[in-house]
Amino acid sequence: MKKIFLYIALFFSLAAFAQNEQLAQYYYDKGDFDKALVSYQELLDGLPSNPFYFQRKIDCLQQLQQFDPAEKAIQERLSKYKQATLLVDLGYNFQLQKNEAKAKKYYDEAIEKIKKNPNEVYGVSNSFEKKVLLEYALKSYQVASALVPTFNFNYQMALLYGQLGDTDKMVTTFLDEAMANPQNAMLIQSQLARYMSNDGDSKYNESLRKELIIRVQKSQDVFWNHFLSWFYMQQKEFGKAFIQEKAIYKRNPESLSNIINLGQMAIEEDDYEEAKAIMDYVLENTTDIELIVQANTYLMKMKIEKASEKDFVAINTQFDVLLKQYGIAPITLSLQLMQAQFVSFELKNPVEGKAIVKRALELQLNAYDQAKCKMELADILLSEEKFNQALLYYSQIQENLSNDVLAHEASLKSAKTSYFKTDFEWALKQFKELKSASTQLIANDALEYFLLINDNTVADSTQTALKQLAKGDYLLYQNRNQEAIAQFQSILKSFKGQEIEAVTLLRLGRVYEKTGDYALALSQYQELITHHSDGIYIDEALYFSADIYNKQLQMPDKAKPLYEKIIFNHQDSIYFVDARRKFRELRGDTIAP
């Protein structure tokens, strides 16, 4: 019975203690340091050895500028526990009073403690870092490393060099650590990339490039070729990355997967020239059917992207030749589905497209490949206005591959189907859920449609204009470009000056781009920029205009100021990073080979 009462008393004691800790934290976070000090002192009375409560007590005293009581408390604790970190606390207390000489005295004493016992480095360096005394934190690591060669603080020291602005030292220290511990290479690359993306001065990029090239030249280890290839990929310089990947493959011809991945990245960045060279290299250097099919799939994708209507028959014939050569089998599924899409949307023959997909579904496919087939079939059915059948297949994918990226994509397409049907209420609910999707592209797309429906419903409760836009978007989906243009032009006439105007101008600009009418595309974007500069589509109009001048019209002087406007006025845009990179390239920041 006594034990039961003891347990009950202990339970209530712990509960009260936890409540006091929450209260102390609440006051501290709120900046009510008088009350926080009282609470942490009470907690410290209960647990005198607790370092966290003690540190919070000192923080409160210092915030209240009660430096003498803080010094006395630190000295008493130092006498009792002899902890080197308390010397840092003591020095910092004097630094807050602008007594630099005394502060330095105690900081140096803390460093001396490391010299006597190198294991003190962990606490002392951490204490220095927390107080943003970076030079002393670095010195702590340097002293300990000199005394105990088995200590490895390269990563921590490299971070400190970076924070102190010595990026050259940061680079060499990080690279030394990467070579010594290759398992940390990806973590190190992420740190190096952070400086690349945030530092507008190309001096850092040049320093990193030169250091990597020196290491490639001095060492026979392909590790540095991999690292240099990674660097060029960050810079979107795929040709230079390809040179490194070829060097790696020649010395270690085991796998072409890295080269395939590089080609895919080049395609995603619209660098088709390098992508084609990469895929051709793969075809020249492998007999692996899977790789051959993969490379040919990418090559066909690029051909379709650049094709005009007169090329369509030849492209379809090439699909037939490839499938005859490598067979109608699971391994060629990517080619089969690409042909189905091409036949349905470019050759306007959805019946044949469906037949290709249904033939693929008869193969022995895994669940993921079956889902890809169903997705293609649903897309074709949607183009035929068979909305309910399309929705059925999309829902099957969502059910069979829940939480997979493909399932999220099916959910997005399902929501777009509701939008095309002008079932805006249901579409809005679906887009709202997808705004938080883990895949950024899907989340961005969902957000765009959510805002489109929401804003235009507020502006026009009858949704008349929105219905007209949905019709135009559906014509675009069906690849009926001229009819879509007519539809969008009709909207601009009927709803001039209304909410729907800005997005319609954007849509019209995109169609003109697709059909190669760049002057007309630019005129739509300029109309949007002039009359809807405070709207949500302004960054897209600027970016697409800049891209036309940059890529299609080869007029960099007109592209540069448009990219610059995104950089300075639209930092939250999804095009911000690309605009900044392209602006730097046009300005001449791109690193020489």
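Thresholds, definitions, all that
Residues numbered from 1 in each chain as written. Predicted model: local features only at pLDDT ≥ 70, side-chain atom pairs only at ≥ 80, totals over all residues. Heavy atoms only, no water. Helix = DSSP H or I, 4+ residues; strand = E, 2+ residues; numbered from the N terminus. Polar contact = N/O pair within 3.5 Å; in protein donor to acceptor, adjacent residues only side chain to side chain. pLDDT = per-residue confidence, 0-100. Contact = heavy atoms within 4.5 Å. Phe/Tyr/Trp six-rings, centres within 6.5 Å; stacked < 30°, edge-to-face > 60°. Buried < 20%, exposed > 50% of the residue type's maximum accessible area, 1.4 Å probe, protein only. Lys NZ or Arg CZ within 6 Å of the ring centre and 35° of its normal. Axes fitted to C-alpha atoms, helices over the stretch in contact; angles between N-to-C directions. Parallel < 35°, antiparallel > 145°, perpendicular 65-115°, else oblique. Left-handed = near helix turned anticlockwise from the far one by under 90°. Nonpolar A, V, L, I, M, F, W, Y, C, P; charged D, E, K, R; others polar. Core = buried A, V, L, I, M, F, W, Y, C linked by side-chain atoms within 4.5 Å. Expected span 1.5 Å × (residues − 1). Arc of directions from axis to C-beta. 1 Å grid on protein atoms, 1.4 Å probe; cavity = no way out; pocket = protein on both sides within 12 Å on 5 of 7 lines; lining within 4 Å. Points joined across faces, edges and corners; volume = space filled by probe spheres on them.

Mapping Lys413 onto the fold places it in helix α23 (residues 405–420). Of the polar contacts made by the side chain of Lys413, one reaches the side chain of Asp379; its length is 2.7 Å.

Attention shifts here to the confidence of the model for the protein. With 95% of its residues at a pLDDT of at least 70, the protein reaches an overall mean of 92. Between residues 5–16, whose pLDDT stays under 50, and residues either more than four places distant or in other chains, the model counts zero contacts.

The relation between two aromatic rings is expressed through the spacing of the ring centres and the mutual angle of the planes. As enumerated under the stated definition, the model contains 39 aromatic pairs in all. Ring centres of Tyr107 and Tyr136 lie 4.9 Å apart, and the angle between their planes is 55 degrees; this geometry places the pair in the tilted category. Of the two residues, Tyr107 is situated in helix α6 (residues 100–116) and Tyr136 in helix α8 (residues 134–147); the sequence distance between them amounts to 29 residues. Relative accessible area serves as the criterion here: at 2%, Tyr107 is assigned to the buried category. By relative accessible area, which is 18% here, Tyr136 ends up buried. Ring plane angle 65 degrees and centroid distance 5.5 Å describe the contact between Tyr155 and Phe174, whose orientation is recorded as edge-to-face. In this pair, Tyr155 sits in helix α9 (residues 154–163) while Phe174 sits in helix α10 (residues 167–180), placing the two residues 19 residues apart along the sequence. Summarising the burial analysis for this pair, Tyr155 and Phe174 share the class buried. Grouping aromatic residues by their ring pairs yields a cluster made of Phe345, Phe387, Tyr419, Phe420, Phe424, Phe431, Tyr449, Tyr474 and Tyr477. A cation over an aromatic ring shows up here: Arg77 above the ring of Phe54, its NZ or CZ 4.4 Å from the ring centre. A cation over a ring is seen here: Lys131 above Tyr92, with NZ or CZ 5.6 Å from the ring centre.

Now for the packing of α8 against α9. It is at 10 Å that the axes of α8 and α9 come closest, and there the two elements cross at 150 degrees. Of the possible angle classes, the one that applies to α8 and α9 is roughly antiparallel. Both α8 and α9 take part in a crossing whose hand is left-handed. On α9, the residues touching Leu134, Ala137, Leu138, Tyr141, Gln142 and Ser145 of α8 are Gln156, Met157, Leu160, Tyr161 and Gln163. Here the contact of α8 with α9 is built from residues that sort into seven nonpolar, four polar and no charged.

The next point concerns the nonpolar core. Within the largest apolar cluster, 92 residues are counted, with the highest numbers of intra-cluster contacts made by Phe128, Met170, Leu192, Leu208 and Phe227. Looking at this core element by element, the count peaks at eight residues for helix α13 (residues 222–234). Sequence-distant contacts of Met170, defined by excluding residues within four places in its chain, comprise Ala158, Tyr161, Gly162, Leu192, Tyr195 and Tyr204.

Here the focus is helix α20 (residues 350–361). Counting along an α-helix, one turn takes 3.6 residues, and residues three or four places apart therefore face a common direction. End to end, α20 covers 16 Å across twelve residues, agreeing with the expected 16 Å (1.5 Å per residue, within 8%). All of the buried residues in α20 are Gly353, Lys354, Ile356, Val357 and Ala360. Take α20 and look down its axis: the buried residues cluster within an arc of 155 degrees, on one side only. Buried-residue contacts for α20 involve α19 (333–345) and α21 (367–383).

This part is about unusual backbone geometry. In this model, Lys82 sits at a positive phi of 55 degrees, which is unusual for a non-glycine residue. Note that Lys82 resides in the loop between α4 (67–81) and α5 (85–95). The class of Lys82 is exposed, set by a relative accessible area of 54%.

Its boundaries defined by the atoms lining it, the second largest pocket holds a volume of some 570 Å³. Counting only elements with at least two residues in the lining of the second largest pocket, the list comes to α3 (51–63), α4, α5 and α7 (121–130). The greatest single-element share of the lining of the second largest pocket, amounting to six residues, is contributed by α3. Residues that form the lining of the second largest pocket fall into these classes: seven nonpolar, nine polar and five charged.

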